[in-house]
Amino acid sequence: MTEALAIRHVAFEDLGTFEDVLKERDIRVTYMDAGRGRLREKVERRSPELLVVLGGPVGAGETTAYPFLTEEIELVRARLSREEPLLGVCLGAQLIAAAAGAKVYPAAVQEIGWQGVDLTAAGADSPLAELTAPVLHWHGDTFDLPTEAVHLASTPHCANQAFALGRHALGVQFHAEVRGAAIESWLVGHAHEIAHAPGVSAPGIREDTRRYADLLESQSSRFFGRWLDGVGL
C-alpha cells in the first residue's frame, strides 16, 4: 500500500486537510514525531512514497539546541538526491531549503495570522493557483531560494513563500493545511508568540479563522490533490 509519512514536531501541527486527500486516494498516513531517536533510520527503513515535513516552533538553524534537526536535514537531502516526492510546510520548507544549500535566517518581520500570497508566473501555473483565499502564516524565519529552485510565491514581508525543486519537491512557508476547527490548539500552543507579536491577538486570529477557514479547506484540498497528481500519487 502506498504510504505518506509525516514528520511532526508538535502534535497540533499535523497534516490537516491534506490527510483527508491522502485517505481518499487510499494512501496510508503515518506520523513520526521528531526528536525521538534514529528518525532517519526509521523513515528510510519504511521508504515511504511521500515524505511530508511539517511545521514547528523551532528554527531550521537551531541545530545546536535541537540536534535532531541535523538528522532531518540529512534525511531531506538524501530524499532530494533520489528525487522522491517531498513536501515541506513552514519549518519543513526551511529544512528543504537548508538541505539544498540555501541560507535560513530570522525574517525582518514575524508573520502570524491570515494573509494571502502573491504568486509568481510559475506559481500561477502550478497547483498553488488553487489558493486564492488567505492562508495561515506562522513563522519568524525565512530563507534564500536554493540554487535551481523555482520561485512560486511571496508576501510583502517575506519574498520566498513557496518554491519547487523539480517536480518532486515543494516547500511552502505558509499553512494551507490548517483546519478551522484546530485553531484553538494553535492559539494555546503558540500563546507566547502571540503575546509578543505586535498587532496580533488570539481573538483577532479566531475571527479571521471564522472568516477564511472554510474556503481555505476546500481550496487546499484541490491544491494538494493537484500536487499529488503531479508527483504521480
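Residues numbered from 1 in each chain as written. Predicted model: local features only at pLDDT ≥ 70, side-chain atom pairs only at ≥ 80, totals over all residues. Heavy atoms only, no water.

(A) Quick peek at the environment of Phe223. Along the chain, Phe223 falls in helix H8 (residues 202–230). For Phe223, a relative accessible area of 2% gives the class buried. The spatial distance from the C-alpha of Phe223 to the C-alpha of Leu128 is 5.9 Å, given a sequence separation of 95 residues. (Helix = DSSP H or I, 4+ residues; strand = E, 2+ residues; numbered from the N terminus. Buried < 20%, exposed > 50% of the residue type's maximum accessible area, 1.4 Å probe, protein only.)

(B) The arrangement of the packing of aromatic side chains in detail. Scanning the model with the defined rule gives 8 aromatic pairs in all. Ring geometry for Trp114 against Tyr212: centres 6.1 Å apart, planes inclined by 40 degrees, an arrangement best described as tilted. With Trp114 in strand E5 (residues 104–115) and Tyr212 in helix H8, this pair connects stretches of sequence that are 98 residues apart. Taking 5.7 Å as the distance between ring centres and 50 degrees as the angle between the ring planes, the aromatic pair formed by Trp138 and Trp186 counts as tilted. Linking Trp138 in strand E7 (residues 135–143) with Trp186 in helix H6 (residues 183–189), this pair joins segments that are 48 residues apart in sequence. For the pair Trp138 and Trp186, a shared accessibility class is recorded, and that class is buried. Counting every residue linked through ring pairs, the aromatic cluster contains Phe18, Phe223, Phe224 and Trp227. (Phe/Tyr/Trp six-rings, centres within 6.5 Å; stacked < 30°, edge-to-face > 60°.)

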